[in-house]
Amino acid sequence: MPHRQVYFFGGGQADGRAEMKNLLGGKGANLAQMTNLGVPVPAGFTISTKVCTHYMESGGAFPEALEGEVGAAIAKVEQAMGTKFGDAENPLLFSVRSGARVSMPGMMDTVLNIGLNEKTVAGLVAETRDERFVYDSYRRLIQMYAEVVMGLDIDEFHALLDARKKEKGVYHDLGLDADDLKELVRQFKSKVRELSGKSFPDDPHDQLWGAIRAVFQSWNIPRAVSYRRLNDIADDWGTAVNVQAMVFGNMGEGSATGVAFTRDPATGERVFYGEYLPNAQGEDVVSGVRTPHPINIAQKNEGDDESLEEAMPKIYGELEAIREKLERHYTDTQDIEFTIQGGKLWMLQTRTGKRTAEAAVRIAVEMEHEGLIDRKTAVLRVEPDQIEQLLHKRLDPAATYELLAKGLPASPGAAVGRVVFTAEDAVSWAEDADKTKHRTILVREETSPEDIDGMNAAQGFLTARGGMTSHAAVVARGMGKCCIAGAGDLKIDYRARAFSVGKRTVKEGDWLTLNGSTGEVILGQIGTVDPEMSGNFATLMEWADEFRQLGVRTNADNPEDSARARSFGAEGIGLCRTEHMFFGEERIRHIRGMIMATDEKERRAALEKLLPFQREDFEGILDAMKGLPVTIRLLDPPLHEFVPHSDKEVEELAKELGKDPQAMKERAANLRESNPMLGHRGCRLGVTYPEVYEMQARAIFEAACRLTKRGVNVKPEVMIPLVGEPKELSILRELVERVAKEVITSEKVAVDVRIGTMIEIPRAALVAEEIAEHADFFSFGTNDLTQMTYGYSRDDAGVFLKDYIKKGVLRKDPFQSLDQRGVGQLVKMAVEKGRLAKPDIHLGICGEHGGDPESINFCHHAGLDYVSCSPYRVPVARLAAAHAVLKARMKAFH
C-alpha cells in the first residue's frame, strides 16, 4: 500500500487535485479540485482506489493503517464544519459514495445520513427545531443502509412507506408529518430485525465502516459489472470511497437539491440546463421518484412548477457563477450536483457531463470557436463510436401518426419497437430466434441501475416518472439511445403487462414509436428518413481529416451504397463483393445454370448470359465512385450457396435447362462439402474454372472502358480472394491481365490495371513476401483471417463467445474487435514481408474490423494505407483514424 491512503478536502484546501483521478476516482479528484478553486464544498475525505484493490485481493480486509488515517481525517472534517461525529448535541453526519476513475452513474452504492441514532437525532432536532426533517433523514438512513449494507429487500420498506401514505391519503412523502416518520422509523427498525435477525446499528462508527465496506463491495455487484463490460472499463481499476459531511436539501423552506449541466446534454446548446426539487435529498432527483422542477425560467414549459431562478434568485445567481467558473476551468461541459441548506449553496460533485452524440459534436465545435479548446482537443472530445448515432435514420417529418402521450425529450433520436415492461424481457426478446421480437421499447415507472442490461438491449426507454437528469435520461444519453421521461399520463400495470393513457390501452408486444427529440410517444410504427451530414458534424469531420493519415474506403456492392458512402466521406471502395450481385431472380437462374453445367462449354454459355448483368453492375459502381479506386473481389463463396435446395426448385431449374431432374439432384449433392468455408471457393474456383474469373474480368474492364469513353475517370482494382500459395495468384493475375489487355485493345482506350489479393489465410501472411511479387496491393480480410487463426467458425461461435467474454477467456469478440496479439501479429508480419519485397505495395483492411475504432488504431500503427468499412461506419473510421494520430502524438509528448 502507498504511504497515504486517505485524502482530505475542505475549508479551501485539499490533499488531492483533478489530475489524480486514477487514485482518487473522478468524484474525489474533482471534489478536491473544486475545493482548491474556492467553490463551496462540504468537507470530507477520499479513500483511494488502491485500498479497494487491496480489499478485493485480500478477501475483504482493510490495510492496517487505514483506521488511523480515517480517524485523523474525521477530526479535520469536524474542525472544518464545526460539528462532531457522534456528538449528541452538535452531530456531524456523513454521506458515503463511490467514485471510479470514469463516471459510472448510479452503478455503485451510496449511503446518506450516516451517524444518526436516537441520541444524535435528539441533538439535531434541538439544533434545527425541525422534527420532521430529522426523522425524514433517519428513515432514509435506515432504508438505504438496510438495502445497501445489510442486503435486505428494499421492497419491504417501500411497502411500509406506501402503506403509511395510503393511510394518510397522501401521494408524496412530503405529505407525511413528523409523527408519521417517527412511526416509520420504528417500523423500519422492526423490519430490519425481522429480516436480518440483527438490530439496526446505533454506533455511528459502525455505520460508517459498514457503509465504506459496502461501497467497495459494490464495485462487483452485477449492474456495475455489466456497465463496465458495456463501456469497456477495466475490472481491476476499483473504486474510491468519498466520505463527505452531509448537507441537507430536505431541511424545510430555503432548502433544495438539484442536478445541472453547464450546457444542454441533449442538444449541446450553450444554456444552463438542470432540475431541482425543493425540500428533498439528491437521490430524489436522480432516481426519478419525483418529477423535478426546471432550474431556470428559460427551461420552463406551460404548467411547470416554479423554477429555482424564480424561487431563490440569489442562490441561482451564485450557481450560475460557479457554472461559468467550472466550465472555464475544466474546458468541458460539467455535470454538477448541488444542495441548498437553509439558504446556503453547497456543491457536491462536478464531472464531465454525459451527452448525446449530437451534443458532443456541437459542444466540441462551439468550444473551439469560443477559444476554450483547440482543434486537436475538439476532435478528441468526440468518441468515434458516438458518431454512428448521428447517421441512423430519423422519423420521417412528413409521416402522419397517432400521438399517444407526451413526456420530456430526455435523449433525442427515434426508437421503434415492441413494448416490454421488464429489463429481463428486453434481454430475452433481443436474443429470441423470432427476429420480429428483437426490437423493443422498455416501459417503466422509472428505471433503476439494475435495469442496465435491459436498457442496453432495448431500442429506447419510456418512463412515467423522472426528469431530464433522471437515471433513465443519463444512461440513455451515454448509450446514445432514445429516451422519453416523465410521461405522467401513463398508467402502468405491471401485472397485466400493459399501460393505459386515458381510454387507450397498450399491451406487451404492441408496436410503439418514440421521438426522443420532441418527447412524443406514438402508437404503431413510423417511417424513417436518412440523415444528412452538415453543420457542426461536417466541420468536425473536416478537422478529423486534417489529422488522420489512414485513408478510409467503404465496403459496397451497389451504386446506392457507393453514393451514400461517398457522401459520408469515403475515398473509394475497399471491397465490392461480386457474389451479392448474383441473387436477383433472373441472375440466380444463370449462375445456377453455370454451376449445374457438366462441361466448360455449358459453363461458358451460362456465363455469357451473366456478363451483361455484371458489366451493368460494375458500370454503376465505378460511375458512382468516379475518380476514386474501386476494389472488386472476384467470386469468393462456395458454389453450393447458389444451388437450389428444395426438390421443387431443382425440378424447375431442370425443366428450364432441359436436363434430367434426378441428374440435377445428384449434381447438387456432389457440390455439398463437409467444410465449405475451407473448400472449393475463392481463387480455387478461378484455378479450376478459369472461365468464371474470365467473365468477371471482362465485365469489369468493359465497364471501365465504356465509362472512360464518356470521360469518367475510373480506377478499378481486381482482387483475387483466398490466396495461400503464390502460384495461385500468379496464374490468376496472368488470366486477368490477358482479359484486360484484350478488352482495352478492342475498345482502344487506356485503363490502369491493378491486381492484388486478400490476405485472409494464415499461410498467406507467412509467405507474404512471395505473394507480393505478383500483387499491386494486399487487402487484409480479417473476418476469415480471424476465423482460420482461432479455428472459430464465425457462423457458429456465437454459441460460446458470450461465455468466453463473461468468464474472461476473451476480452472482446474477436470478430468485432481485432485480436491484436494473435491475428494482429499475422497482419504485422504480412505488412513487413510485403513491403520488404515490394516497397510501394498498397496495404488495406476490408473486414468488419475496418470500422472498429480500436482496430483502426492498430491499423494506423501497423502501417496500413487505408481501412474499408460499411457506409455508415465511414465517418466513425475517419474520426478514429484522426484519434490514432493525435493519441500517438500525446503519448510521445508525455
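Remember, it's a predicted structure, so these values are computed and weren't measured experimentally. (Residues numbered from 1 in each chain as written. Predicted model: local features only at pLDDT ≥ 70, side-chain atom pairs only at ≥ 80, totals over all residues. Heavy atoms only, no water.)

**Things to note about the packing of aromatic side chains**
Applying the stated criterion across every chain yields a total of 15 aromatic pairs. Their ring planes at 35° and their centres at 5.2 Å tell us that Tyr55 and Phe62 sit as a pair that is tilted. Among the residues examined, Tyr55 registers a relative accessible area of 3% and is labelled buried. Given a relative accessible area of 19%, Phe62 falls into the buried group. For the cation-ring pair, Arg228 lies above Trp219, with the distance from its terminal atom to the ring centre recorded as 4.0 Å. The side chain of Arg553 reaches across the aromatic face of Tyr866, ending 4.0 Å from its centre. (Phe/Tyr/Trp six-rings, centres within 6.5 Å; stacked < 30°, edge-to-face > 60°. Buried < 20%, exposed > 50% of the residue type's maximum accessible area, 1.4 Å probe, protein only. Lys NZ or Arg CZ within 6 Å of the ring centre and 35° of its normal.)

**Considering empty space enclosed by the protein**
Evaluated as defined, the whole model comprises two cavities of 30 Å³ or more. Looking at the largest cavity, its volume works out to about 120 Å³. Residue lining of the largest cavity: 16 residues in total, with Arg97, Met246, Val247, Thr339 and Leu348 positioned closest to the centre. Sorting the residues of the lining of the largest cavity by element identifies strand E6 (94-99), strand E8 (240-245) and helix H10 (282-287) as the ones contributing at least two each. Classifying every residue of the lining of the largest cavity by side-chain character gives seven nonpolar, seven polar and two charged. (1 Å grid on protein atoms, 1.4 Å probe; cavity = no way out; pocket = protein on both sides within 12 Å on 5 of 7 lines; lining within 4 Å. Points joined across faces, edges and corners; volume = space filled by probe spheres on them. Helix = DSSP H or I, 4+ residues; strand = E, 2+ residues; numbered from the N terminus. Nonpolar A, V, L, I, M, F, W, Y, C, P; charged D, E, K, R; others polar.)

**Concerning the packing of helix H23 (residues 647-657) against helix H24 (residues 661-671)**
Direction vectors running N to C along H23 and H24 enclose 120°, while the axes themselves pass 9 Å from each other. Classified by the angle between their axes, H23 and H24 sit oblique to one another. Remark: the crossing between H23 and H24 carries right-handed chirality. When H23 is examined against H24, the residues Asp647, Val650, Glu651, Leu653, Ala654 and Leu657 are found in contact with a partner set consisting of Pro661, Met664 and Lys665. In the contact of H23 with H24, the residues fall into six nonpolar, no polar and three charged. (Axes fitted to C-alpha atoms, helices over the stretch in contact; angles between N-to-C directions. Parallel < 35°, antiparallel > 145°, perpendicular 65-115°, else oblique. Left-handed = near helix turned anticlockwise from the far one by under 90°. Contact = heavy atoms within 4.5 Å.)

**Some words on the packing of helix H4 (residues 118-128) against helix H5 (residues 131-148)**
For the pair H4 and H5, the least separation of the axes is 8 Å and the interaxial angle reads 150°. Classified by the interaxial angle, the pair formed by H4 and H5 is roughly antiparallel. Between H4 and H5 lies a crossing of right-handed hand. Between H4 and H5, the residues in contact are Glu118, Val121, Leu124, Val125 and Thr128 and Glu131, Phe133, Val134, Tyr135 and Tyr138, respectively. Its residues placed into classes, the contact of H4 with H5 shows seven nonpolar, one polar and two charged.

**What about unusual backbone geometry?**
For Asp232, which is not glycine, the phi dihedral falls at a positive 55°. Within the element layout of this structure, Asp232 appears in the loop between helix H9 (222-231) and E8. What makes Asp232 partly exposed here is its relative accessible area of 40%. Of note, Arg497 is a non-glycine position whose phi angle comes to about 55°, a positive value. With respect to the secondary-structure elements, Arg497 resides in the loop between strand E21 (491-493) and strand E22 (498-501).

**Examining the pattern of salt bridges**
Throughout the structure, instances matching the rule amount to 74 salt bridges. Among the ionic pairs, Lys659 bridges to Glu602, the shortest N-O distance being 3.0 Å. Of this pair, Lys659 sits in the loop between H23 and H24 while Glu602 is found in helix H22 (residues 600-624), placing the two residues 57 residues apart along the sequence. What makes Lys659 partly exposed here is its relative accessible area of 25%. Accessibility expressed as a relative area gives 29% for Glu602, which makes it partly exposed. When the shortest N-O distance is used, the salt bridge between Arg681 and Asp636 registers 2.9 Å. Residue Arg681 is located in the loop between H24 and helix H25 (683-688), and its partner Asp636 is located in the loop between strand E29 (629-633) and H23; the two are separated by 45 residues in the primary sequence. (Salt bridge = Lys/Arg side-chain N within 4 Å of Asp/Glu carboxyl O.)

**Focus: the layout of surface pockets**
Of the pockets and cavities examined, the second largest pocket occupies roughly 390 Å³. If you trace the second largest pocket, you find 22 residues lining it, with Arg577, Glu579, Arg633, Asp636 and Arg794 closest to the centre. Mapped onto the lining of the second largest pocket, the elements with two or more residues apiece are strand E28 (573-577) and helix H30 (782-790). The element contributing the most residues to the lining of the second largest pocket is H30, with three residues. In terms of residue class, the lining of the second largest pocket is built from six nonpolar, five polar and eleven charged.

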